[in-house]
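Each chain is listed here by its residues.
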Amino acid sequence: MRFQLVDRILEVEPGRRICTVKHLTLGEEYLADHFPTFPVMPGVLMLQTLVEAGAWLLRITEDFRHSVIVLREAKNVKYGTFMEPGKTLTVTAELLDKPDGDDPRAATFKGKGECEGASTVSARLTLTRYNLRDRNPALQSADDRIIAHLRGQYALLRGELEGRAPCA
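Remember, it's a predicted structure, so these values are computed and weren't measured experimentally. (Residues numbered from 1 in each chain as written. Predicted model: local features only at pLDDT ≥ 70, side-chain atom pairs only at ≥ 80, totals over all residues. Heavy atoms only, no water.)

Peer 1: Help me understand helix H1 (residues 43–61), please; the structure alone is not making it clear to me.
Peer 2: One turn of the α-helix equals 3.6 residues, which is why residues spaced by three or four share an orientation. For H1, built from 19 residues, the straight-helix expectation of 27 Å at 1.5 Å per residue is met to within 8% by its first-to-last C-alpha distance of 27 Å. Taking burial as the measure, the 19 residues of H1 include 15 buried ones, the bulk of the element. Note on H1: the residue one or two positions beyond its end, Asp 63, has a positive phi of about 50°. (Helix = DSSP H or I, 4+ residues; strand = E, 2+ residues; numbered from the N terminus. Expected span 1.5 Å × (residues − 1). Buried < 20%, exposed > 50% of the residue type's maximum accessible area, 1.4 Å probe, protein only.)

Peer 1: Can you help me understand the nonpolar core in this one?
Peer 2: One recurring pattern in soluble globular proteins is that nonpolar side chains are buried together. Within the largest apolar cluster, 37 residues are counted, with the highest numbers of intra-cluster contacts made by Ile 18, Met 41 and Trp 56. Broken down by element, the residue count for this core peaks at 11 residues, all from H1. Residues in contact with Trp 56, not counting those within four places in the same chain, are Ile 9, Ile 18, Phe 64, Leu 150, Gln 153, Tyr 154 and Leu 157. (Core = buried A, V, L, I, M, F, W, Y, C linked by side-chain atoms within 4.5 Å. Contact = heavy atoms within 4.5 Å.)

Peer 1: Explain a nonpolar patch on the surface to me, please; I cannot follow it from the model alone.
Peer 2: Judged by side-chain polarity, Phe 35, Phe 38 and Phe 82 come together as a nonpolar surface patch covering roughly 320 Å² of accessible area. Structurally, Phe 82 is set in the loop between strand S3 (68–79) and strand S4 (88–97). A relative accessible area of 54% places Phe 82 in the exposed class. (Patch = residues over 30% accessible without salt bridge, like charges linked within 9 Å, V, L, I, M, F, W, Y side chains within 5 Å. Areas by Shrake-Rupley, 256 points an atom, 1.4 Å probe, with all protein chains shown as cover. Salt bridge = Lys/Arg side-chain N within 4 Å of Asp/Glu carboxyl O.)

Peer 1: What's the story with the environment of Tyr 154 in this structure? I'm lost.
Peer 2: Within the secondary structure layout, Tyr 154 lies in helix H2 (residues 140–158). Overall, the relative accessible area of 15% leaves Tyr 154 in the buried class. Put simply, Tyr 154 and Arg 59 are 95 residues apart on the chain and 9.5 Å apart in space, counted from C-alpha to C-alpha. If we skip the residues at most four places from it in the chain, Tyr 154 touches Ile 9, Val 12, Trp 56, Ile 60, Phe 64 and Glu 160.

Peer 1: What exactly am I supposed to notice about unusual backbone geometry here?
Peer 2: Only a minority of non-glycine residues have a phi that is not negative, and only a minority of peptide bonds are not trans. That bond from His 34 to Phe 35 is cis: its omega, -5°, falls within 30 degrees of zero. Phi at Phe 64 is positive, roughly 55°, even though this residue is not glycine. With respect to the secondary-structure elements, Phe 64 resides in the loop between H1 and S3. By relative accessible area, which is 7% here, Phe 64 ends up buried. A positive phi angle, near 50°, is found at Asn 76, a position not held by glycine. With respect to the element layout, Asn 76 can be found in strand S3.

Peer 1: What exactly am I supposed to notice about H2 here?
Peer 2: The end-to-end C-alpha separation of H2 is 27 Å, in line with the 27 Å expected for 19 residues at 1.5 Å each. Among the residues of H2, Ala 142, Asp 143, Ile 147, Leu 150, Gln 153, Tyr 154, Ala 155, Leu 157 and Arg 158 are the ones counted as buried. Buried residues along H2 sit against strand S1 (8–13) and H1. Remark: Gly 159 follows H2 within two positions and exhibits a positive phi of approximately 80°.

See the structure below:
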């Protein structure tokens, strides 16, 4: 199952940083099992929210050049306070290293998530990206569809399709 956890992109400085939010509601299906009497956002999903923020920053920085961005490595993962329904997780990701070394497809980020000023999660992430056509040229049209979908999703996350300025 794949989750799309970022609810809104608040700020973007292409090539530098991004700030996003995740509003946790009691309607999130995974809360039924985690935990029924004390629902909290699982740590792995808090980490996934950091990954998503970093991926959006990379897409925006490179004008959606790659259709696939995945987590390659997570280091120094630290968890703080619990994230409960009704709270908002504010996530910031900063691009540390642009690709140019051993793996030109990799990029390193520092990410952190906070709720009401308290740290919930932080990590150093390495993401890698590619296009499906790099592995099979017949998949060019799939890349094009994925990128078009991601561009539309970005417009939604920025609030651009609602006829108003993005949240600040």
